[in-house]
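Chain residues, written in single-letter form:
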Amino acid sequence: MNIAIDGPAGAGKSTIARKAAAKLGSVYVDTGAMYRAMALLVIREGIDPEDQEALEACAAKAEISIEYRDGEQHILLGAEDVGGLIRNEDVSRMASRISANAAVRRKLVSLQQELAKRTDVVMDGRDIGTVVLPDAEVKVYLTASSRIRAERRRKEYLDKGEEAPELSELIRDIEERDFRDMHREESPLKRAEDAVLIDSSFMTIEEVADAILSLVPGEEA
Ligand code: DC
């Protein structure tokens, strides 16, 4: 029993996917974290993301893996837990750029498919319903307006006590990232034909989680 949740950045995929996995006793897999770990390596090695050859060599040697401790996903680069280093704007931007590369995708997609073969997963990303798990029993395309997503991002900064970029800057960043994710040649972000569309703009987290759980055969939301 696998659940695929795709959609643009900031639609609430990870919060919802984590909640749904806990309710179902499945494993939550955040595939964006894998692209982010790869992006961190590219930044550390000073590789130009436009240099396809260097990027492919870097993807070939990258040791990216996922470990679960106390039910939480930990993302490892070699033996290093990089979870605390991948949630910033530099890594976000680089992840969006390197995720357009076919070699990078091939490597991470096969890791994701291995995970789903071993256990029931709720997996979130951009190409889960279309490429990674085309046979997933439940597919959801979760979205929200770019303004709402930017407001959520701004609130995250403020809640952490950090200085937040202007809303207009966050909207621009989100729209640029959406455009890149939706228009790349390799596995662009799009709704799978059989995915259920949920717009979370005016829904609470609980309402979205309930809507997704109601799609799971035998589950009461
Ligand atoms: O979900 P996220 O924001 O953590 O993802 C980071 C970047 O990785 C995002 O720009 C799109 C890319 N990505 C992807 O191309 N395919 C996935 N399955 C997951 C993420």
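Since the model is a prediction, treat every value here as computed from it, not as a measurement.

Asker: What is the right way to read the nonpolar core from this model?
Answerer: One broad rule of soluble globular proteins: the nonpolar side chains tend to lie buried together. Ranked by size, the top nonpolar core spans 37 residues in total, and within it M38, I64 and I75 carry the most contacts. Of all elements in the fold, only α2 (31–44), α3 (52–61), β3 (64–69), β4 (72–77), α4 (89–98), α5 (102–118), β6 (121–125) and α6 (128–132) reach the threshold of two or more residues within this core. Sort the elements by how many residues they give to this core and α2 lands first, with 9 residues. Excluding its chain neighbours within four sequence positions, the residues that come into contact with I64 are M34, A37, M38, I75, L76, L77, L108 and L111. In this structure, I5, V138, I212 and V216 belong to the second largest nonpolar core, which totals 15 residues.

Asker: Sorry, what's going on with empty space enclosed by the protein here?
Answerer: To find leftover empty space, one rolls a probe the size of a water molecule over the atoms. This structure, assessed with the given rule, holds 1 cavity of 30 Å³ or more. Counted as a void, the largest cavity has a volume near 50 Å³. Taken together, E89, S92, R93, D173, E176, R177 and R180 form the lining of the largest cavity. Contributions of two or more residues to the lining of the largest cavity are made by α4 and α8 (167–183). Sort the elements by how many residues they give to the lining of the largest cavity and α8 lands first, with 4 residues. Classifying every residue of the lining of the largest cavity gives no nonpolar, 1 polar and 6 charged.

Asker: Sorry if this is basic, but what is going on with the sheet that holds strand β1 (residues 3–6) here?
Answerer: Backbone-to-backbone hydrogen bonds join strands into a sheet, with any given pair of strands oriented parallel or antiparallel. Within the open sheet, the 5 strands sit side by side as β2-β6-β1-β7-β8. Their pairing is parallel. Where the open sheet ends on each side, the last strands, each with one partner, are β2 (27–30) and β8 (196–199). Within the sheet, the average angular offset between the axes of one strand and its neighbour, ignoring direction, is 20°.

Asker: Where do I start with the site of the ligand in this structure?
Answerer: Not every one of the 16 residues close to the ligand is listed here, only the nearest: R36, R105, R126, D127 and R184. Here T31 contributes a side-chain N or O atom positioned 3.0 Å from a nitrogen atom of the ligand. A distance of 2.8 Å separates an oxygen atom of the ligand from a polar side-chain atom of R126. Surface burial for the ligand is 95%, taken as the share of its 440 Å² of free accessible area covered by protein chains. When contributions to the shell around the ligand are tallied by element, the ones reaching two or more residues are α2, α4 and α8.

Asker: When you look at unusual backbone geometry in this model, what are you seeing that I'm missing?
Answerer: One can expect most non-glycine residues to show negative phi and most peptide bonds to be in trans. The backbone phi angle of S187 is positive, close to 40°, even though this residue is not glycine. Within the fold, S187 resides in the loop between α8 and β8. Looking at S187, the relative accessible area reads 17%, which means it is buried.

Asker: Before we go on, may I ask you to explain the environment of H74 in this structure?
Answerer: By secondary structure assignment, the location of H74 is in strand β4. Distance from H74 to D30, taken between C-alpha atoms, is 9.8 Å for residues 44 residues apart in sequence. With residues near it in sequence (within four places) discarded, H74 still touches S65, I66, E67, R69 and D81. At 2.8 Å, the side chain of H74 and the side chain of D81 are in polar contact.

Asker: Looking at this structure, how should I read the sheet that holds strand β5 (residues 80–81)?
Answerer: Spatial ordering of the open sheet is given by β3-β4-β5, a layout of 3 strands whose pairing is antiparallel. In the strand order of this sheet, the two ends are held by β3 and β5, each with one partner. Across 6 bridges, the pairing between β3 and β4 is antiparallel. Residue pairing across strands places I64 opposite L77, the latter belonging to β4. Along the sheet face, α2 touches β3, β4 and β5 and points at about 25° away from the line of β4.

About the thresholds
- Residues numbered from 1 in each chain as written.
- Predicted model: local features only at pLDDT ≥ 70, side-chain atom pairs only at ≥ 80, totals over all residues.
- Heavy atoms only, no water.
- Core = buried A, V, L, I, M, F, W, Y, C linked by side-chain atoms within 4.5 Å.
- Buried < 20%, exposed > 50% of the residue type's maximum accessible area, 1.4 Å probe, protein only.
- Helix = DSSP H or I, 4+ residues; strand = E, 2+ residues; numbered from the N terminus.
- Contact = heavy atoms within 4.5 Å.
- 1 Å grid on protein atoms, 1.4 Å probe; cavity = no way out; pocket = protein on both sides within 12 Å on 5 of 7 lines; lining within 4 Å.
- Points joined across faces, edges and corners; volume = space filled by probe spheres on them.
- Nonpolar A, V, L, I, M, F, W, Y, C, P; charged D, E, K, R; others polar.
- Pairing = 2+ DSSP bridges.
- Axes fitted to C-alpha atoms, helices over the stretch in contact; angles between N-to-C directions.
- Near = heavy atom within 4 Å.
- Polar contact = N/O pair within 3.5 Å; in protein donor to acceptor, adjacent residues only side chain to side chain.
- Areas by Shrake-Rupley, 256 points an atom, 1.4 Å probe, with all protein chains shown as cover.

Shape is all these values report; function is a separate question.
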